Amino acid sequence: TMQQGSAALERLGIAGAVQASDTPSRAHYVFDATGALLNAFSSTAFGSRRAPAPRSFWERSRNVALPRQRLRELLLAGLAQHDAAAVEWGWAYAGHADREDGHVSVQLERSCGDGASPARRTVAARVLVGADGLWSGVRKGALRRLGVVADTEEYLGVLV
């Protein structure tokens, strides 16, 4: 699901393509770590009672959902329209800093192997997209810059 990031998708010019790739879900299930169903809700029901808002609200306010690989394809296509060399594989996020000109400086590193120190570099970007997975280093770095220190994520024992 895309909970945030619509502004970045708009700036890349791919918001319409993401919306067109939407694979909407009509229901949502919550399981505990053993696989037992804790709750289920949909556009018409929440647990054993009706949804708190009409269906039109549910449809309008739900998140866009699409397969991760499709989002990756759309992001790469959007980036290629702006700069064909925008993506270099093999570099890992190591941190970022906001700049006064509205851009962001992104620190990257690449393993050199054989125990050598990693190669490091800094690139400037207009947008930093944190599409690096559940344990996002980009998200952790952004939260740390906001004063929210969460050095470890905690598994809550729930699958959604």
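For the structure given in this document, a descriptive report is provided here. Remember, predicted model here, so these are calculated numbers, not experimental data.

## Details of the pairing of strand β5 (residues 92-98)
- Two strands pair when backbone bridges link them, and β5 and strand β6 (residues 104-110) are joined in this way by six bridges, in the antiparallel orientation. Residue pairing in the sheet places Tyr93 in a bridge with Leu108 of β6.
- Hairpin connection from β5 to β6: five residues lie between these consecutive antiparallel strands, with Gly102 at a positive phi of about 90°.

## Observations regarding unusual backbone geometry
- Not every positive phi belongs to a glycine, and Asp114 is a case in point at roughly 55°.
- Within the fold, Asp114 resides in the loop between β6 and β7 (119-125).

## Concerning the nonpolar core
- Core analysis: the largest hydrophobic core is formed by ten residues, namely Leu9, Leu12, Ile14, Ala15, Val18, Val64, Leu66, Leu71, Leu74 and Leu75.
- Broken down by secondary-structure element, the contributors of at least two residues to this core are α1 (6-12), α2 (15-20) and α4 (68-82).

## A short note on the side chain of Ser136
- Here Ser136 lies in the loop between β7 and α5 (137-145).
- A polar atom in the side chain of Ser136 sits 2.8 Å from the backbone nitrogen of Arg139.

## Remarks on the sheet that holds β6
- A sheet is described by the order of its strands in space; here three strands give the open sequence β5-β6-β7, paired in antiparallel fashion. With one partner strand each, in any of the chains shown, β5 and β7 form the two edges of the open sheet. Adjacent strand axes in the sheet meet at a mean angle of 25° when their direction is disregarded.
- Here β6 runs beside β7; their pairing, made up of seven bridges, is antiparallel. Its bridge partner lying in β7, Ser105 is registered against Ala124.

## Here's the deal with the packing of aromatic side chains
- All chains considered together, the criterion is met by one aromatic pair.
- Here Arg121 stacks its cationic end above the ring of Trp91, 4.9 Å away from the centre of that ring.

## Digging into the pattern of salt bridges
- By the definition in use, this model includes four salt bridges.
- Arg99 is the partner of Asp101 in a salt bridge, and the nearest nitrogen-oxygen pair spans 2.5 Å.
- According to the relative accessible area criterion, Arg99 is partly exposed, its value standing at 33%.

Cut-offs and rules
- Residues numbered from 1 in each chain as written.
- Predicted model: local features only at pLDDT ≥ 70, side-chain atom pairs only at ≥ 80, totals over all residues.
- Heavy atoms only, no water.
- Pairing = 2+ DSSP bridges.
- Helix = DSSP H or I, 4+ residues; strand = E, 2+ residues; numbered from the N terminus.
- Core = buried A, V, L, I, M, F, W, Y, C linked by side-chain atoms within 4.5 Å.
- Buried < 20%, exposed > 50% of the residue type's maximum accessible area, 1.4 Å probe, protein only.
- Polar contact = N/O pair within 3.5 Å; in protein donor to acceptor, adjacent residues only side chain to side chain.
- Axes fitted to C-alpha atoms, helices over the stretch in contact; angles between N-to-C directions.
- Phe/Tyr/Trp six-rings, centres within 6.5 Å; stacked < 30°, edge-to-face > 60°.
- Lys NZ or Arg CZ within 6 Å of the ring centre and 35° of its normal.
- Salt bridge = Lys/Arg side-chain N within 4 Å of Asp/Glu carboxyl O.

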